[in-house]
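# Coordinates in review
Listed here are the chains, written in short residue letters.
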Amino acid sequence: MNEPLITVELIQQQDYRFDMHFGEGIPLIIGEEPAPLGTGRGPSPVQLLCAAVGNCLSDSLLFALRKFKQTPEPLRCVVSGEVGRNADGRLRVLQIVASLHLGVPAAQLTHLDRALAQFEAFCTVTQSVSAGIPVTVHVLDSHGAQLK
């Protein structure tokens, strides 16, 4: 059984600036290319891609930990997308690195190893994106200890 079709409508406002409509009751987002093409008054498509990966990873990790009745909040995620030229000289996202930061020390969380072992597999966006772009994921606790 297929999930419902996701539809987003983009309406050009000026040059490279678009209003992005996600549906009733959801605030619109303005997306725009940075200079020199646009004015950068909204996130660029690459920033939106990185945000989607980070948001999905954060949701997936939170879900995996809450399944074990754990409270890792507040979570923070920093995502970097490396943009460079491919063999044809065209700009592409070459890789994405996501660092998820737990809001508590690892010692406070039970079953952390099980959650860390499985959360990425349930991240729809990251699993889809990683089919074409290498995605590296790190998880750190509130003391900065790298857990993954």
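See the structure shown above.
Residues numbered from 1 in each chain as written. Predicted model: local features only at pLDDT ≥ 70, side-chain atom pairs only at ≥ 80, totals over all residues. Heavy atoms only, no water.

### Let's talk about the environment of Q14
Counting through the fold element by element, Q14 comes out in strand β1 (residues 9–14). A relative accessible area of 43% means that Q14 is categorised as partly exposed. For the pair Q14 and F68, spaced 54 residues apart in sequence, the C-alpha to C-alpha distance is 48 Å. (Helix = DSSP H or I, 4+ residues; strand = E, 2+ residues; numbered from the N terminus. Buried < 20%, exposed > 50% of the residue type's maximum accessible area, 1.4 Å probe, protein only.)

### Regarding the environment of G42
Topologically, G42 is positioned in the loop between β3 (29–32) and α1 (45–66). Separated by 11 residues in the primary sequence, G42 and G31 place their C-alpha atoms 4.5 Å from one another. Once residues lying within four places of it in the same chain are set aside, the contact partners of G42 are I30, G31, E32 and Q47. (Contact = heavy atoms within 4.5 Å.)

### Some words on the state of the cysteines
Under the definition given, this model contains zero disulfides. Free cysteine C77: the closest other cysteine sulfur is in C123, separated by 9.4 Å. You can call C77 partly exposed: its relative accessible area is 25%. (Disulfide = S-S within 2.5 Å.)

### Remarks on the sheet that holds strand β2 (residues 17–21)
Within the open sheet, the three strands sit side by side as β1-β2-β3. Their pairing is antiparallel. Two strands in the sheet have a free side with no partner beyond their single neighbour: β1 and β3. Looking at each pair of strands side by side, their axes are set apart by 30 degrees on average, direction ignored. Pairing of β1 with β2 involves five bridges; the strand directions are antiparallel. (Pairing = 2+ DSSP bridges. Axes fitted to C-alpha atoms, helices over the stretch in contact; angles between N-to-C directions.)

### Observations regarding the nonpolar core
The biggest cluster of nonpolar side chains holds 23 residues, and the ones touching the most others in it are L57, L61, L100, L102, L112, F119 and V139. Those elements giving two or more residues to this core turn out to be α1, β5 (91–101), α2 (112–118) and β6 (135–140). The dominant element in this core, judged by the number of residues it contributes, is α1, at six residues. Not counting chain neighbours up to four residues away, the residues in contact with F119 comprise L57, S60, L61, A64, L100, V137, V139 and K148. (Core = buried A, V, L, I, M, F, W, Y, C linked by side-chain atoms within 4.5 Å.)

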